[in-house]
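# Topology and contacts: notes
Each chain is listed here by its residues.
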Amino acid sequence: MEHVFKKGAPDAPTFILLHGTGGDENDLIPLAQNLNPSYNILGVRGEISENGMNRFFKRHGQGKYDIEDLNFRTDRLIQFLKDAAEQYEFDLEKAVVVGFSNGSNIALNMIFDERIDFQKALLYAPLYPLPVTNEIDLSHMDILISAGERDPISPVRESKRLISLLKQHGANVETVWVNSHELSREGIEAGQKLLAQK
């Protein structure tokens, strides 16, 4: 997968950056540097092109995911992250997943998959309108959900459903409500606060 890796301080955790539709592996680097400039950075580019815009998986329309492709791309991303952790010598279980929009959505699919035991995730403007049928335990996870009160892409009801779903599976969920489908100062500050938790 196309990606960029930037080494941080010795023994620092690693941000895994997953961009939104139309972004690339560099898009969330300023966000990561605001969240914690000492962390390693691994920015990943989605493999799908939708009308020339990079994405992490195919869809049939707004909020209508191609489930087969989502699961296939999730498998590929998990394998890539395992290979990258070996190549760049970082601890994948101490990595922090940071996603925006489409990147948050594939991050959630990885979290619900459980093949990587992430401890923390910062998810901005997620939309995950899918059921979770497996009995997963997310009690080891701290998750930030930054959701928009007037988000035309991720409705409030879907954000609340996702927050409830994560809590049902034991995750410690911190929520910040912002205006729309966006990365905001409030969202960054909430991310900094969650990262500071032990």
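Quantities reported herein were computed from a predicted structural model and do not represent experimental measurements.

Further remarks concern the side chain of S101. Within the secondary structure, S101 is located in the loop between β8 (96-100) and α3 (102-113). There is a polar contact of 2.8 Å between the side chain of S101 and the side chain of H181. Leaving out residues up to four positions away in the same chain, S101 has contacts with G20, Y124, A125 and H181.

Strand order in this open sheet of seven strands is β1-β3-β2-β8-β9-β10-β11, and the pairing throughout is mixed. Whereas interior strands pair on both sides, the edge strands pair on one side only; in this sheet they are β1 (3-6) and β11 (172-178). When the angles between neighbouring strand axes are averaged without regard to direction, this sheet yields 15°. Bridge count for strand β9 (residues 120-124) against strand β10 (residues 142-148) is five bridges, and the pairing is parallel. Bridge pairing in β10 links A121 to I143. The strands touched by helix α4 (residues 156-168) within the sheet are β10 and β11, with β11 carrying the most contacts at an inclination of about 165°. Packing of helix α5 (residues 185-196) onto the sheet brings it into contact with β2 (14-18), β8, β9, β10 and β11, and relative to β9 it is tilted by some 175°.

Our next topic: unusual backbone geometry. Positioned with a positive phi, E89 is a non-glycine residue whose angle comes to about 60°. Take E89: it is sitting in the loop between α2 (67-88) and β8. Judged by its relative accessible area of 68%, E89 falls in the exposed class. One non-glycine residue, S101, lies in positive phi territory at about 55°. S101 sits in the buried class, given a relative accessible area of 13%.

So, on to the UniProt feature "domain: Phospholipase/carboxylesterase/thioesterase" (unreviewed entry) in the protein chain. The UniProt record annotates "domain: Phospholipase/carboxylesterase/thioesterase" (unreviewed entry) at residues 3-193. Annotated as 33% helix and 26% strand, the span residues 3-193 places its first and last C-alpha atoms 27 Å apart.

Right, let's talk about the side chain of E50 for a bit. By the element assignment, E50 lies in strand β4 (residues 48-50). Side-chain polar atoms of E50 contact the side chain of R59, separated by 2.7 Å. In this view, E50 contacts R55 and R59; residues no more than four positions away in its chain are not counted.

Thresholds applied
Residues numbered from 1 in each chain as written. Predicted model: local features only at pLDDT ≥ 70, side-chain atom pairs only at ≥ 80, totals over all residues. Heavy atoms only, no water. Helix = DSSP H or I, 4+ residues; strand = E, 2+ residues; numbered from the N terminus. Polar contact = N/O pair within 3.5 Å; in protein donor to acceptor, adjacent residues only side chain to side chain. Contact = heavy atoms within 4.5 Å. Pairing = 2+ DSSP bridges. Axes fitted to C-alpha atoms, helices over the stretch in contact; angles between N-to-C directions. Buried < 20%, exposed > 50% of the residue type's maximum accessible area, 1.4 Å probe, protein only. UniProt positions renumbered as here; feature names shortened; annotations may be inferred.

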